[in-house]
Amino acid sequence: MEKVDSELVEILVCPANRERVSLVGRESVDSLNQAIAEGQILNVDGAPVSEPLQDGLLREDGKILYPVRDAIPVMLIGEGIPMDQLD
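Rules behind the numbers
- Residues numbered from 1 in each chain as written.
- Predicted model: local features only at pLDDT ≥ 70, side-chain atom pairs only at ≥ 80, totals over all residues.
- Heavy atoms only, no water.
- Core = buried A, V, L, I, M, F, W, Y, C linked by side-chain atoms within 4.5 Å.
- Buried < 20%, exposed > 50% of the residue type's maximum accessible area, 1.4 Å probe, protein only.
- Helix = DSSP H or I, 4+ residues; strand = E, 2+ residues; numbered from the N terminus.
- Contact = heavy atoms within 4.5 Å.
- Salt bridge = Lys/Arg side-chain N within 4 Å of Asp/Glu carboxyl O.
- Expected span 1.5 Å × (residues − 1).
- Arc of directions from axis to C-beta.

A. Just the nonpolar core, in detail. Among the nonpolar cores identified, the biggest contains 11 residues, and these are V24, V29, L32, A35, I36, I41, V49, L53, L65, I81 and M83. Per-element tally for this core: the top contributor is helix α2 (residues 26-37), with 4 residues. Setting aside anything within four residues of it in sequence, one finds L32 in contact with I41, L53, L65, I81, M83 and L86. Core analysis: the next-biggest nonpolar cluster, separate from the first, contains 10 residues, V9, L12, V21 and L57 among them.

The structure is reproduced here in structure tokens:
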């Protein structure tokens, strides 16, 4: 599986509040994918997330994760995943 370019991650910021983002750990991705498979995860727009994550970029405050698909970060506000759904 291809990884997102680390140099790209360094310059990316959240489109909603301009906070920096960083790659999440495998454990977070696995937890989210389990919840996605169980139909428990919605994106910011309120739509169910059905596609498993390959990777994710977490906003500095830890509240929103942006999915990475085919090594390309999806930095659209509505596609962000609120992390409080895992609490």
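B. Inspection of the environment of L12 at higher detail. By the secondary structure assignment, L12 is in the loop between α1 (6-11) and β1 (21-23). On the basis of relative accessibility, which here comes to 17%, the residue L12 falls in the buried class. Along the primary structure L12 and G46 are separated by 34 residues, whereas in three dimensions their C-alpha atoms are 24 Å apart. Residues contacting L12, with those up to four places away along its chain left out, are R20, V21, L57, P73 and M75.

C. Representation of the pattern of salt bridges in the model. Within this structure, the stated rule accounts for 5 salt bridges. Between R26 and D30 there is a salt bridge, with the nearest N and O atoms lying 3.5 Å from each other. Taken as a pair, R26 and D30 lie in helix α2 at a separation of 4 residues, close to a single helical turn. The salt bridge partner of R69 is E51, with a shortest N-O separation of 3.4 Å. Taken together, the positions of R69 in strand β3 (residues 64-69) and E51 in the loop between α2 and β2 (55-59) put the pair 18 residues apart, joining distant regions of the chain.

D. Region of the structure containing the environment of G62. Relative to the helices and strands, G62 resides in the loop between β2 and β3. The exposure class assigned to G62 is partly exposed, which follows from its relative accessible area of 29%. G62 sits 15 residues away from I77 along the chain, and the two C-alpha atoms are 15 Å apart.

E. Structural detail: α2. A rise of 1.5 Å per residue sets the reference length of α2, with its 12 residues, at 16 Å; its end C-alpha atoms lie 16 Å apart and thus fit the reference within 8%. Along α2, the positions that sit buried rather than exposed are V29, L32, N33, A35 and I36. Projected onto a plane normal to the axis of α2, the buried residues spread over an arc of 165° and lie on a single side. Looking at α2, the residues exposed on the side facing more than 90 degrees away from the buried face are E27 and A37. Buried residues along α2 sit in contact with β2, β3 and β5 (81-82). Downstream of α2 by a residue or two, G39 has a phi angle that is positive, lying close to 75°.

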